[in-house]
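Descriptive structure summary
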6 protein chains.
Amino acid sequence: MPTTVLMEELDAFTYREMIGRGAPVIVPVGATEQHGPHLPLQTDVLLAKAMSTRLAEAVDGVVAAPVVYGYKSQQRSGGGNHLAGTTSLDATTIIAIARTLTLEFARHGARQVVFLNGHFENYQFLYEGVELATTELKQRGEDVSAILLSYWDFVDDETIEEIYRGAFPGWDVEHGGVLETSLMLHLHPELVRLERVMDLPAAQLPRYDRLPVRPELTPISGCLSSAAAASESAGRLLLDRTSAALAAAIGAELRTASDLIPAHATPRFTTP
Amino acid sequence: MPTTVLMEELDAFTYREMIGRGAPVIVPVGATEQHGPHLPLQTDVLLAKAMSTRLAEAVDGVVAAPVVYGYKSQQRSGGGNHLAGTTSLDATTIIAIARTLTLEFARHGARQVVFLNGHFENYQFLYEGVELATTELKQRGEDVSAILLSYWDFVDDETIEEIYRGAFPGWDVEHGGVLETSLMLHLHPELVRLERVMDLPAAQLPRYDRLPVRPELTPISGCLSSAAAASESAGRLLLDRTSAALAAAIGAELRTASDLIPAHATPRFTTP
Amino acid sequence: MPTTVLMEELDAFTYREMIGRGAPVIVPVGATEQHGPHLPLQTDVLLAKAMSTRLAEAVDGVVAAPVVYGYKSQQRSGGGNHLAGTTSLDATTIIAIARTLTLEFARHGARQVVFLNGHFENYQFLYEGVELATTELKQRGEDVSAILLSYWDFVDDETIEEIYRGAFPGWDVEHGGVLETSLMLHLHPELVRLERVMDLPAAQLPRYDRLPVRPELTPISGCLSSAAAASESAGRLLLDRTSAALAAAIGAELRTASDLIPAHATPRFTTP
Amino acid sequence: MPTTVLMEELDAFTYREMIGRGAPVIVPVGATEQHGPHLPLQTDVLLAKAMSTRLAEAVDGVVAAPVVYGYKSQQRSGGGNHLAGTTSLDATTIIAIARTLTLEFARHGARQVVFLNGHFENYQFLYEGVELATTELKQRGEDVSAILLSYWDFVDDETIEEIYRGAFPGWDVEHGGVLETSLMLHLHPELVRLERVMDLPAAQLPRYDRLPVRPELTPISGCLSSAAAASESAGRLLLDRTSAALAAAIGAELRTASDLIPAHATPRFTTP
Amino acid sequence: MPTTVLMEELDAFTYREMIGRGAPVIVPVGATEQHGPHLPLQTDVLLAKAMSTRLAEAVDGVVAAPVVYGYKSQQRSGGGNHLAGTTSLDATTIIAIARTLTLEFARHGARQVVFLNGHFENYQFLYEGVELATTELKQRGEDVSAILLSYWDFVDDETIEEIYRGAFPGWDVEHGGVLETSLMLHLHPELVRLERVMDLPAAQLPRYDRLPVRPELTPISGCLSSAAAASESAGRLLLDRTSAALAAAIGAELRTASDLIPAHATPRFTTP
Amino acid sequence: MPTTVLMEELDAFTYREMIGRGAPVIVPVGATEQHGPHLPLQTDVLLAKAMSTRLAEAVDGVVAAPVVYGYKSQQRSGGGNHLAGTTSLDATTIIAIARTLTLEFARHGARQVVFLNGHFENYQFLYEGVELATTELKQRGEDVSAILLSYWDFVDDETIEEIYRGAFPGWDVEHGGVLETSLMLHLHPELVRLERVMDLPAAQLPRYDRLPVRPELTPISGCLSSAAAASESAGRLLLDRTSAALAAAIGAELRTASDLIPAHATPRFTTP
């Protein structure tokens, strides 16, 4: 009986048993991106992995090794890709990664693959990769479905209100701000250096993208809003509520899918 | 003296004069996508082209030939790409188009290129194309900037309130709904068949994408909300307000850019 | 009952009915290319679209939205891609567009797709796109055929003789010359500025391509021969004769194909 | 002093001396393609290589190793790619080969690269490869030019008349016919099996391409016209006249180019 | 003062300081690959990361986030990619990752990038990515060098002899065998389940690759030789000797490089 | 009855008969690469072709036209790709060539394709091409297998000892050395200029790759070890022993495969 849901730590035989029992594969997708002077470069990876782990525990899933390099940081959501530390891949590479991982987990026998995104800029490229893979699988007659989501779409308005008390600056500037910092304080306090938070006004960014970016529009912290109000308790609240909402939504989706699987469609299982 | 801002109708010599005088190139980007039984397949192209024309008139620009095939329709924003009539390109093709057009207009001597998007799904792929092109131009020492926007990001809350009186169903289901239909009634009434509007409840879609899509989640109209309340006057209001907001924002951006151009950087101009 | 054959103006439901009745899809492919001081940049698009419309009317087809950006202008057929105004895509993008459109129209249920080319340089790249798509469709067991043609291959020698009276300079220098200008005078007189025609000798170009081009080999008009002898009546003659020849050839091809379709192969039709 | 112009047989040091003295590199491009029961599969390679060797001798050039796999055979020019024996590459591969070889020979120090084509279908893809490479080289400030040609464009009408006496069936059906067979009889008689020529009427092919091809439109010989009238003397005539025309045209082009080279632009030469 | 060399845990400001002081970036590259019933799927990642950390400590470097998905497992070195659990990317994706990471770290200001490989199959694809990036950087005039190595090339014959006492089965079957298991026992004993080692004879594989693979040639353990003789002390010996050899070789290389840097070439450093 | 096994010299009808009788296709893969002052640039092609011819004669196979441009020369195995004369393709092009040739020979009806490599650097890229093709063929239900090998892996230790008498410098520096030179002396003495051999010490290269290369690490001959001890008799021995070992191994593999072919799976054969 496995004591971990992390594919990284599982041996292949145990992994195969879990897939053989119908476990969905959950792929955390993050980025290596500057998050100001107080958060580590892999904040998006760590948060996506934490959400994925909670989800896997709720739905008897496996958490795949995370995708740790993401799409280029955009100024309006992550400060911009001109900043040192931010280390990004081109769109075609992200598309290829998402497409190939979907095909590989399908080859293993998984019938559901969930991409759980923690870096805004990745979303559409993951979508294309998953679209190409599921179309190909369908043409081959394989019944595999993929789910794609960003975890913050499962944060409800009540939680936002509880944490911000009316002062929510908006999702668009939530980069290195209160939400991410609170989650990190709860999950990885040893990696947060709260004393280095730069308490600056939220960024004022236009309603369009301009390239090359004007570097002066990104606050010198690299964060789009201040994390000064972050707290471990807000992080715990966010994690609990969001992972519960995720588990409810995805759990229902997976149950629907398994009802639709015809009796003869036992998961495939390739052994030596 | 040109009586049109449309590149399609201009001869090359007149076009060169306009670029030589510093005209930015505005590229309308749409899609060929089902918009229910009452709107034509090129609704997104026509709206992006109308907004682009207004903007070009305000900023002395040229409107490039529109990009008429866009990225795949997604169920949560356009009903899904499984629907007949919707005719879409892969991500890499959209990226290549945006990249190459930026490089081509730069070769002509344009110093600003604006991509004005009318199809939600295109945005990130246009971004990548523009990012690749502007990075390449910068490495070559060329001072060219690109702006990327979706026109609905310039619709203000007051206008929404005036039109919907509190009943705005949200941007996410505004596909083939009141806004697009009103704009089309104002701009191309001969292409709208209002008597065919299917007055169905707005679509209920999950907070995640699932592929392959469950076709039953898209209303049989193909529209995500009802266009029954559309009107020509709402369309006029939307067009006037939005194009004014666009002109203000982009006009300011272009002025800033031209201030930054050093005196010796006269636009290049290639003639036979 | 549709009063248009243009997919751009059709709503999705009407389009589906037409495809459901077996309508072939005809895709006009042009370019955005300088055509001298007297013709608009989209001459190739407009001519391909006019020929496609005539053909669609003759064979009960649908005209898809045109491909408006084509492959790079070559000096020996279009003056060269160094000229401002000419706005072109790379080969791989043209290939991808032709491949994907073929697959998309096949997905809609079309069993015949016709690419009607109006820009010489496109041809081989369209061929590759169509070849990749039809090979893929055949491997999937789908019976879809594609036809690829350039409209000038259907201009007969008699018509050439009637128009030129022995002075035909050859197809290779027919860029911005008598044929294109005459067709435009007949179809879009408001877009032709005949008084600006530069009456220069036909270009003298070698039997090989050389890159980078020597700009001095292209006449300063950008046209490879003079359009001074163009006339509306020659345009009418060309349009009538050529579209009749096209309708005869393609009509026969489509009838042959439909004879070959087995009874059970009713066109597929995807509705919500 | 080299006794060969073939790069294949040269050692690197001798090759470098030749490039250092300004030798242009001539790349024969052919195909592995069925040419009926009487000609070998590499007919196009052998003819392109023979023409290249003559040209190299005339202009003090080097003949690169030939490109032996070409673009897919098209039914209207080569019988079609469905035929066994014909072994072809995709367009993107041909493009990549032409682009990379141009860049590699430029890296060696060559200032002129000539692609001498012997397989109709290759031409546009070679063009794209050469266009990409020369554009890149120009942006890097390197003065390298490329020439692209098909050898039959240098066969003059008089020669055709002398050989065919009014019975020339047209270039479009000259696949495995009199011209190629005569050239092979002159150059490689041991590889021609004249007794196996199938004396069939020339193929009747439409003015458009249709995919998948109708196999019955290609004569069972695989040749588009009969080679029965081929002769060694016609081959000699063709080779002499055509290689002389080639040498005259390309020689002039190379002289022009070398006049344009500034004194300081001595060819680069990389040695260990 | 950083207490970690792991980029994952560093904030962007501290990372920039390290790069600003000339730190090379060391990228561990592994795979997600079955390693029998006794080792976790990320064995290659963990070993590459451990070697990279030791190397970074020795040369004042930074360890980048590891590449966790590698190239397809080959039967002769990893058992084959048909096995469930093994999760691999295509060659073009690995190439793109290596190319882009090199360019990104160069953008940050790093002048040396080291790819430290822990999965045999990756090597040539990493090479191509690094080759493309360094060529591009050189053309832009940037003095950045990359080093590429597999850690086992730094295991010396004496160590092999000490561990195996003449019974070394050869590197080609060292997949999931004594070396990897010993290293894991030393580094991550909690992830090794030694009681599950399958003590089977070493695989007998031909001197060629055959695809599709014959599954029966891979032992049912998925390991190519038995790990029964593995020990923590052998792992410690391997780690100490190999990381010392690595540090000596790479340290010398980096010193040479820094001698070659001209005085004005201070590392670039992009801050907000 | 064919008197040649070379596809280049075969006509299509004879080739089809050979494939129809079950002949495997053997593809020699080489490179155009400097091999010092005494060997021609196509040494790798010639050796791969000679080994392929011997193998084809032993197993009733066909030798395809060789792949004459290979992957970039690496300093540790071929001196480096900075050397003039060495003319190489990118990885993606080699992958595409291997993939497409496999698919083409499968289309012809071949059930076994053997890639016989003569240039170290090609191997992994050929592997990827073959892997993609055989996976695609398997998904289509086609029973085609591919074998990939480098001929030196079939040189046995006894032969090495006989030739070198204990002075074998190692495979890694066998570029332009005794083995290749001896084989060329036996096979193509007219292309070897033994008097130009530079008798230098073997190269001392590190255990890692470094890019850009340090040119001074490659001996000025371009060879990694001296060919002074080469002899025709050593070449004959090498050719005889190696081709016998190849024939034994591949012959057994092909027999196994043909046992596995079900009775109904007669090779496909496409004729006009």
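Residues numbered from 1 in each chain as written. Chains lettered and ligands numbered in written order. Predicted model: local features only at pLDDT ≥ 70, side-chain atom pairs only at ≥ 80, totals over all residues. Heavy atoms only, no water.

A closer look at the pairing of strand 4 (residues 145-150) of chain D
Residue and element names in this part refer to chain D. Put simply, the test is: Between buried and exposed lies partly exposed: a residue is buried under 20% and exposed over 50% of the maximum accessible area for its type, with that area taken using a 1.4 Å probe on protein chains only. Helix and strand definitions follow DSSP, with helices as H or I runs of at least four residues and strands as E runs of at least two, each counted in order from the N terminus. Note on pairing: two strands pair once DSSP finds at least 2 bridges between them.
Among the 6 residues that make up strand 4, 6 are buried, leaving the element largely enclosed by the rest of the structure. Side chains Ser-145, Ile-147 and Leu-149 of strand 4 all project onto a buried face; the interleaved residues Ala-146, Leu-148 and Ser-150 project onto the opposite face, where all are buried too. Bridge analysis of strand 3 (residues 112-117) against strand 4 gives 6 bridges, and the strand direction is parallel. What sits directly across from Val-114, in strand 4, is Ile-147.

Re the sheet that holds strand 5 (residues 209-211) of chain B
The condition that has to hold: Residue contacts are defined here by distance: any two heavy atoms, one from each residue, within 4.5 Å place the two residues in contact. Every axis corresponds to a line fitted to the C-alpha atoms, with the helix fit spanning only the stretch in contact, and the corresponding angles, defined between N-to-C directions, vary from 0 to 180 degrees.
On the basis of which strands lie adjacent, the open sheet formed by 5 strands has the order 2(A)-1(A)-3(A)-4(A)-5(B) and mixed pairing. Every interior strand has two partners, whereas the edge strands, strand 2 (62-63) of chain A together with strand 5 of chain B, have only one. Helix 2 (residues 43-59) of chain A contacts strand 1 (25-29), strand 2 and strand 3 (112-117) of chain A of the sheet and is inclined by roughly 165° relative to strand 1 of chain A.

Points about the packing of aromatic side chains
Under the convention used in this document: Here the aromatic set is Phe, Tyr and Trp, taking the six-membered ring for Trp, and pairing holds for ring centres within 6.5 Å; pairs whose planes are under 30 degrees apart are stacked, those over 60 apart are edge-to-face, and all others are tilted. A ring has a charge above it when a Lys NZ or an Arg CZ is no more than 6 Å from the ring centre and no more than 35 degrees off the ring normal.
Using the criterion set out here, one finds 33 aromatic pairs over all chains in the structure. Note on Tyr151(D) and Trp152(D): the rings are 5.2 Å apart at their centroids and 70° apart in plane angle, and the pair reads as edge-to-face. There is no split in this pair, since Tyr151(D) and Trp152(D) are both buried. Cluster of aromatic residues (ring-pair linked, three or more members): Tyr71(A), Phe125(A), Tyr127(A), Tyr71(B), Phe125(B) and Tyr127(B). One residue, Arg16(C), lies across the ring of Phe13(C), its end atom 4.9 Å from the ring centre.

Re the arrangement of the chains
Considering only C-alpha positions, the minimal separation of the non-contacting chain A and chain D is 17 Å. Between chain C and chain E there is no contact, and the shortest C-alpha to C-alpha distance separating them is 17 Å.

So, the relation of the copies chain F and chain D
Selection criterion: A least-squares superposition brings the copies together, and it is based on the C-alpha atoms of residues with pLDDT no lower than 70 in both.
Expressed as a screw operation, the relation of chain F to chain D combines 0.0 Å of axial shift with a rotation of 180°, fitting to an RMSD of 0.0 Å. Here the two chains are linked by the operation of a two-fold rotation axis. The rotation axis passes nearest to the C-alpha of Thr93(F) in chain F, at a distance of 3.0 Å. Counting the interface residues of chain F, we find that 100% of their copies in chain D are interface residues as well, pointing to one common contact surface.

Here's the deal with the side chain of His119(A)
Residue and element names in this part refer to chain A. The test is simple: Under this definition, polar contacts are N or O atom pairs within 3.5 Å; protein pairs additionally need one hydrogen-donor-capable and one acceptor-capable atom, and for neighbouring residues in sequence, both atoms have to be side-chain atoms.
Turning to its location among the elements, His-119 is positioned in the loop between strand 3 and helix 5 (123-139). For His-119, a relative accessible area of 1% puts it in the buried group. Among the polar contacts listed, one links the side chain of His-119 to the side chain of Glu-33, at a separation of 3.2 Å. In this structure, His-119 is in contact with Val-29, Gly-30, Ala-31, Glu-33, Asp-44, Tyr-71, Lys-72 and Trp-152, ignoring residues within four places of it in sequence.

A word on helix 5 (residues 123-139) of chain B
Residues and elements named next belong to chain B. We count it as follows: Here the expected length of a helix is defined as 1.5 Å per residue gap, with one fewer gap than residues.
Compared with the 24 Å implied by 1.5 Å per residue over 17 residues, the 24 Å span of helix 5 between its first and last C-alpha is a close match. In terms of burial, helix 5 is a largely internal element, 12 of the 17 residues being buried. When helix 5 is considered as a whole, its buried residues turn out to be Tyr-123, Gln-124, Phe-125, Leu-126, Tyr-127, Glu-128, Gly-129, Val-130, Glu-131, Ala-133, Thr-134 and Leu-137. At the exit of helix 5 stands Gly-141, carrying a positive phi of roughly 85°.

Regarding the side chain of Ser73(C)
Within the fold, Ser73(C) resides in the loop between strand 2 (62-63) and helix 3 (75-78). Polar contacts involving the side chain of Ser73(C) include one to the main-chain amide nitrogen of Gly80(C), which spans 3.4 Å. Aside from chain neighbours lying at most four places away, what touches Ser73(C) is Glu33(C), Gly78(C), Gly79(C), Gly80(C), Asn81(C), Thr86(C), Ser88(C), Glu121(C) and Tyr127(D).

Quick notes on helix 1 (residues 12-20) of chain C
Residue and element names in this part refer to chain C. Within the span of helix 1, buried status applies to Ala-12, Thr-14, Tyr-15, Arg-16, Met-18 and Ile-19. Where helix 1 is buried, its residues meet strand 1 (25-29), strand 2 and helix 4 (91-108). Where helix 1 begins, the capping side chain belongs to Asp-11, and its oxygen is found 2.9 Å from the backbone nitrogen of Phe-13. With its phi angle positive at about 100°, Gly-22 sits one or two positions after the end of helix 1.

Topic: the interface of chain F and chain D
Worth spelling out the cut-off: What counts as buried area is the accessible surface, traced by a 1.4 Å probe, that two parts surrender upon association, with contributions from both included. Within this document, salt bridges are pairs made up of a side-chain nitrogen of Lys or Arg and a carboxyl oxygen of Asp or Glu, the two lying within 4 Å of each other. Charged means Asp, Glu, Lys or Arg here, nonpolar means Ala, Val, Leu, Ile, Met, Phe, Trp, Tyr, Cys or Pro, and polar covers whatever is left, Gly included.
Contact residues are listed per partner, giving 53 residues for chain F and 54 residues for chain D. For the pairing of chain F and chain D, the buried interface totals around 4,200 Å² over both sides, and the portion due to carbon and sulfur atoms is 60%. The tally of links between chain F and chain D comes to 4 salt bridges. Close ionic contact of Arg193(D) with Asp11(F) constitutes a salt bridge, the shortest N to O distance being 3.0 Å. Our enumeration of links across chain F and chain D arrives at 30 residue pairs in polar contact (both at pLDDT 80 or more). For the side of chain F that touches chain D, the elements supplying multiple residues, two or more each, are helix 1 (12-20) and helix 4 (91-108) of chain F. Counting residues per element, the side of chain F that touches chain D draws most heavily on helix 4 of chain F, which supplies 10 residues. In the side of chain F that touches chain D, the residues fall into 26 nonpolar, 17 polar and 10 charged.

What about the sheet that holds strand 1 of chain C?
Reading across from one edge, 2(C)-1(C)-3(C)-4(C)-5(D) is the order of the 5 strands in this open sheet, with mixed pairing throughout. If you trace the sheet from one side to the other, it starts and ends with strand 2 of chain C together with strand 5 (209-211) of chain D, each paired once. Here 2 bridges tie strand 1 of chain C to strand 2 of chain C, and the two strands are oriented parallel to one another. When the bridges of strand 2 of chain C are listed, Val25(C) appears paired with Val62(C). Packed onto the sheet, helix 2 (residues 43-59) of chain C meets strand 1, strand 2 and strand 3 (112-117) of chain C and runs at close to 165° relative to strand 1 of chain C.

A closer look at the environment of Asp11(D)
Take Asp11(D): it is sitting in the segment before helix 1 (12-20). For Asp11(D), a relative accessible area of 5% puts it in the buried group. Residue contacts for Asp11(D): discarding those within four places in its chain leaves Gly36(F), Pro37(F), Leu39(F), Pro40(F), Leu41(F), Arg193(F) and Arg196(F). Only 3.0 Å separates the side chain of Asp11(D) from the side chain of Arg193(F), close enough to count as a polar contact.

Let's talk about the environment of Pro206(A)
Residues and elements named next belong to chain A. One can find Pro-206 in the loop between helix 7 (178-187) and strand 5 (209-211). Looking at Pro-206, the relative accessible area reads 26%, which means it is partly exposed. Distance from Pro-206 to Arg-76, taken between C-alpha atoms, is 8.0 Å for residues 130 residues apart in sequence. Each residue touching Pro-206, except ones within four places of it in the same chain, is listed here: Arg-76 and Leu-217.

What about the confidence of the model for chain A?
The criterion, for reference: pLDDT gives the predictor's per-residue confidence on a scale running from 0 to 100.
Model confidence for chain A is summarised by a mean pLDDT of 93, while 93% of its residues fall at 70 or above. With a pTM of 0.96, the predicted complex shows an ipTM of 0.94.

Things to note about the pattern of salt bridges
In this structure the tally under the stated criterion is 102 salt bridges over all chains. Notably, a salt bridge pairs Arg111(C) with Glu142(C), separated by 3.8 Å at the nearest N-O pair. One end of the pair, Arg111(C), is in the loop between helix 4 and strand 3; the other, Glu142(C), is in the loop between helix 5 (123-139) and strand 4 (145-150), and 31 residues separate them in sequence. The class of Glu142(C) is buried, set by a relative accessible area of 18%. Each of Arg99(A), Arg111(A), Glu136(A), Arg140(A) and Glu142(A) takes part in one network of salt bridges that share partners.

Quick notes on the packing of helix 2 of chain C against helix 7 (residues 178-187) of chain C
To characterise two packed helices, one gives the angle between the axes of the helices and the distance between these axes. All names here are of chain C. Threshold: Each helix crossing is assigned a hand: it is left-handed if the near helix lies turned anticlockwise from the far helix by less than a right angle, otherwise right-handed if that turn is clockwise.
The N-to-C vectors of helix 2 and helix 7 enclose an angle of 65°; their axes lie 11 Å apart at closest approach. Pair helix 2 / helix 7 crosses with left-handed handedness. On helix 7, the residues touching Thr-43, Asp-44, Leu-46, Leu-47, Ala-50, Met-51 and Arg-54 of helix 2 are Glu-180, Leu-183, Met-184, His-186 and Leu-187.

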